[in-house]
Amino acid sequence: MWKKEDAKSPAVAENSSAASAFGKSQSFDSSNSFSDSPRAAASIGQGIRIKGEVSGTEDLFVDGFVEGKLNLAADCSLTIGPNGIIKADLVAREIIVRGKVEGKVVARDKLQIGSTGEINGEVQTGRLAIEDGATLRGKVEAGRMETAKTAPAYAGSSAAKTSPQPSSLKAGTAAD
Amino acid sequence: MRREVPGPIHLTSRSRTPGAPPPPQAGATRAQVPQESNRLSNGLKELLWNLDGLERGTLLDMGPASQTTLSFFIERGFRVSSEDILRSWKNFLNEEEARLKQGFASGETLEMTPSARAARFMKENLQYPRSSFDAVLLWDLLDYLEQAVVKQVVASLTELLRPSGVVFAMFHTKKPEGFQRYRVVDSTALQVVPTAVICPAQRVYQNREIQDLFGRYRTMKSFIGRDQLRETLFIK
């Protein structure tokens with residue numbers, strides 16, 4: 001039960017660190033955020049339109065139009081450029097939005113919305129950073145997101161356990 | 001031995017606070033850039049007091065998405081929904097204008113009475129199931145919306161709130177000159193952020209009009225600030 005003066009929960013500490021890590025003092029890097037990445041990012045340029053499902057196992061930069069579904073592997077980042085228009089549900093480890101997104105956004109680790117970014121849809125993320133001027137319309141669920149892990153199989157124990165998801169990350173409407 | 005040569009007297013004659021912006025150059029306009037400032041908020045304190053004890057509250061923030069405000073409530077276990085109703089209204093007006101031009105060209109008619117327009121706006125906005133929220137941050141947005149829209153927004157919020165839910169609203173006691181947004185800094189203070197005008201202020205509501213608007217709420221509590229801003233809590 002929340003009391004005004006209660007100490008912060010672990011999720012609080014997580015969010016606090018997120019806020020400080022992506023706070024106003026550290027503005028978004030306007031250049032491609034993958035410049036430091038050891039992997040080269042694949043890219044969907046401004047003039048490209050894709051309808052359907054896009055999935056992949058490497059970082060992706062989208063500055064074009066995607067309609068359908070966009071799902072990247074657990075360790076991949078997705079950046080929506082300022083010209084990007086996405087009408088799709090997005091799933092990636094880290095998502096940076098500087099364009100327009102319409103759909104559910106699931107960023108397992110963190111979600112950054114730049115000043116030109118617009119999200120119209122539900123958001124689920126471990127950490128959230130919003131720059132001034134960003135537009136966000138929808139339900140926000142922020143907190144530690146645990147991915148399903150397979151426990152080592154010991155003799156006599158059940159083979160695999162799925163780590164429980166916190167109630168805050170259950171999908172649903174604002175009413176649930 | 002080197003000797004420091006003093007700079008021109010016009011640069012040294014006035015002391016300046018370290019970090020202060022440089023003085024304006026000759027001929028430059030003296031337009032003052034409004035600064036962000038913090039204000040103590042008894043309304044916010046009262047809102048949080050009312051929400052005290054909620055295990056997993058749900059909150060609708062009708063202002064612009066703000067890192068500090070969202071973090072503040074998420075850290076306290078709230079599930080937050082964000083919908084910048086004023087920005088949506090502005091976009092809607094632009095779309096209406098475009099629709100009107102198209103309709104004029106194609107000979108179609110579009111009912112342009114305030115109530116019809118408000119009804120069209122509400123079809124696309126605040127679409128949540130009934131009793132979705134424990135609290136709504138309405139800020140001072142009613143001062144900037146057309147009256148027909150205001151009535152429908154308040155009616156819609158009443159449906160969206162759970163019993164004992166709280167609306168935190170602000171009303172200007174004089175027509176505001178500028179336009180400002182608000183962020184929750186901590187449990188006692190709001191940050192006031194002057195921004196470019198999205199929609200001009202429509203009117204100043206008198207106490208009686210506010211009571212009539214929120215007539216379906218059981219409690220209304222107001223705090224009048226020195227900055228011509230009245231913070232009001234409505235409890236359903």
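Residues numbered from 1 in each chain as written. Chains lettered and ligands numbered in written order. Predicted model: local features only at pLDDT ≥ 70, side-chain atom pairs only at ≥ 80, totals over all residues.

Let's talk about the overall build of chain B
Quick reminder of the rule: Numbered from the N terminus, helices here are DSSP runs of H or I no shorter than four residues, and strands are runs of E no shorter than two. Note on burial: count the other C-beta atoms lying within 10 Å of the residue's C-beta; 20 or more is buried, 12 or fewer is exposed, in between is partly exposed, and C-beta positions come from the backbone. A pair of residues counts as a contact when their C-beta atoms, built from backbone coordinates, are separated by no more than 7 Å.
Across its full length, chain B carries seven helices and nine strands. Per-residue burial for chain B yields a buried fraction of 33% across its 236 residues. Pairs at least 24 apart in sequence give 70% of the contacts found in chain B among residues at least 6 apart.

Quick look at the pairing of strand β6 (residues 180–184) of chain B
All names here are of chain B. The line we're drawing: We call two strands paired when DSSP finds no fewer than two bridges between them.
The element β6 is largely enclosed, with a buried count of four among its five residues. With five bridges connecting them, β6 and strand β7 (residues 189–194) associate as antiparallel partners. Its bridge partner being in β7, Gln180 is matched across the sheet by Pro194. Hairpin connection of β6 to β7: four residues between the antiparallel strands.

Notes on the confidence of the model for chain A
All names here are of chain A. This is how it is decided: The score called pLDDT rates the predictor's confidence residue by residue, from a low of 0 to a high of 100.
Here chain A averages 71 in pLDDT, while 59% of its residues score no lower than 70. Here helix α1 (residues 10–21) stands out as the element of chain A with the lowest mean pLDDT, 39, in contrast to strand β7 (residues 100–102), whose mean of 96 is the highest. The low-confidence segment residues 1–38 (pLDDT under 50) makes 48 contacts with residues lying over four places distant or belonging to another chain.

Quick look at the pairing of strand β3 (residues 79–82) of chain B
Residues and elements named next belong to chain B. Inclusion rule: With strands facing away from the observer, any crossover in which the path from the first strand over the helix to the second runs clockwise is taken as right-handed.
With burial as the criterion, each face of β3 is covered, one bearing Arg79 and Ser81 and the other bearing Val80 and Ser82. Inspection of the sheet shows strand β2 (residues 58–61) paired to β3 by four bridges, in the parallel sense. Bridged to Asp61 within β3 is Ser82. Between the parallel pair β2 and β3, the chain is carried across by helix α3 (residues 67–75), and the sense of this crossover is right-handed.

With respect to the sheet that holds β7 of chain B
All names here are of chain B. The cut-off we apply is this: Orientation is described by lines fitted to C-alpha atoms, with helices fitted over the stretch in contact, and by angles between N-to-C directions that extend from 0 to 180 degrees.
Read across the open sheet, the three strands follow the order β1-β7-β6; overall the sheet is antiparallel. A single partner strand is all that each edge strand has here, and the edge strands are β1 (37–40) and β6. Going from strand to strand, the sheet's axes swing by 35° on average, the running direction of each strand aside. With four bridges joining them, β1 and β7 adopt antiparallel strand pairing. Across the sheet, the residue bridging to Arg39 is Leu190, located in β7.

Points about helix α2 (residues 42–51) of chain B
Residues and elements named next belong to chain B. Formally: Each C-beta atom gives one direction from the helix axis, and the arc is the one those directions make.
For α2, the set of buried residues is Gly43, Leu44, Leu47, Leu48 and Leu51. An end-on view of α2 places all buried positions within 135° of arc, on one side of the element. Two residues or fewer past α2, Gly53 is found with a positive phi of approximately 100°.

Some details on unusual backbone geometry
Residue and element names in this part refer to chain B. Of note in the backbone geometry, Ser131 takes a positive phi value of approximately 55° without being a glycine. As for its position among the elements, Ser131 is in the loop between α5 (114–124) and β4 (133–139). On the basis of neighbour count, Ser131 is assigned to the partly exposed category, with 15 C-beta atoms found within 10 Å. The phi dihedral of Ser164 is positive, around 70°, even though this residue is not glycine. Within the fold, Ser164 resides in strand β5 (residues 161–172).

Let's talk about the environment of Arg226 of chain B
Residue and element names in this part refer to chain B. Within the secondary structure, Arg226 is located in the loop between β8 (219–224) and β9 (229–235). The exposure class assigned to Arg226 is exposed, which follows from the 6 C-beta atoms found within 10 Å. C-alpha of Arg226 to C-alpha of Arg39: the two residues are 187 residues apart in sequence and 10.0 Å apart in space.

Topic: the environment of Ser43 of chain A
Residue and element names in this part refer to chain A. Following the sequence through the fold, Ser43 ends up in strand β1 (residues 42–44). On the neighbour-count criterion, Ser43 (17 C-beta atoms within 10 Å) is partly exposed. Spatially, the C-alpha atom of Ser43 lies 5.7 Å from that of Val62, the residues being 19 residues apart in sequence.

Side note on the nonpolar core
One recurring pattern in soluble globular proteins is that nonpolar side chains are buried together. Which entries qualify depends on this criterion: The term nonpolar core means buried Ala, Val, Leu, Ile, Met, Phe, Trp, Tyr and Cys residues held together as one set by C-beta atoms within 7 Å.
With 86 residues, the main nonpolar core has Leu90 of chain A together with Val136, Leu138 and Phe168 of chain B as its most contacted residues. In terms of residue count, strand β6 (residues 85–97) of chain A provides more of this core than any other element does, eight residues in total. With residues near it in sequence (within four places) discarded, Leu90 of chain A still touches Leu70, Leu78, Ile95, Val101, Gly103, Val105 and Val106 of chain A.

Quick word on α3 of chain B
Residue and element names in this part refer to chain B. Within α3, eight of the nine residues are buried, leaving the element largely enclosed by the surrounding structure. When α3 is considered as a whole, its buried residues turn out to be Gln67, Thr69, Leu70, Ser71, Phe72, Phe73, Ile74 and Glu75. With its phi angle positive at about 90°, Gly77 sits one or two positions after the end of α3.

Describing the packing of α5 of chain B against helix α6 (residues 147–160) of chain B
All names here are of chain B. Heads up, the rule is: Angles below 35 degrees are treated as roughly parallel, those above 145 as roughly antiparallel, those between 65 and 115 as roughly perpendicular, and all remaining angles as oblique. Should the near helix be turned anticlockwise from the far one by less than a right angle, the crossing is termed left-handed; should it be turned clockwise, right-handed.
For the pair α5 and α6, interaxial distance at closest approach is 8 Å and the crossing angle is 40°. The angle between α5 and α6 falls in the class oblique. For the pair α5 and α6, the crossing hand works out as right-handed. Of the residues in α6, those in contact with Pro114, Ser115, Ala118, Ala119, Phe121 and Met122 of α5 are Ala148, Val149, Gln152 and Ser156.

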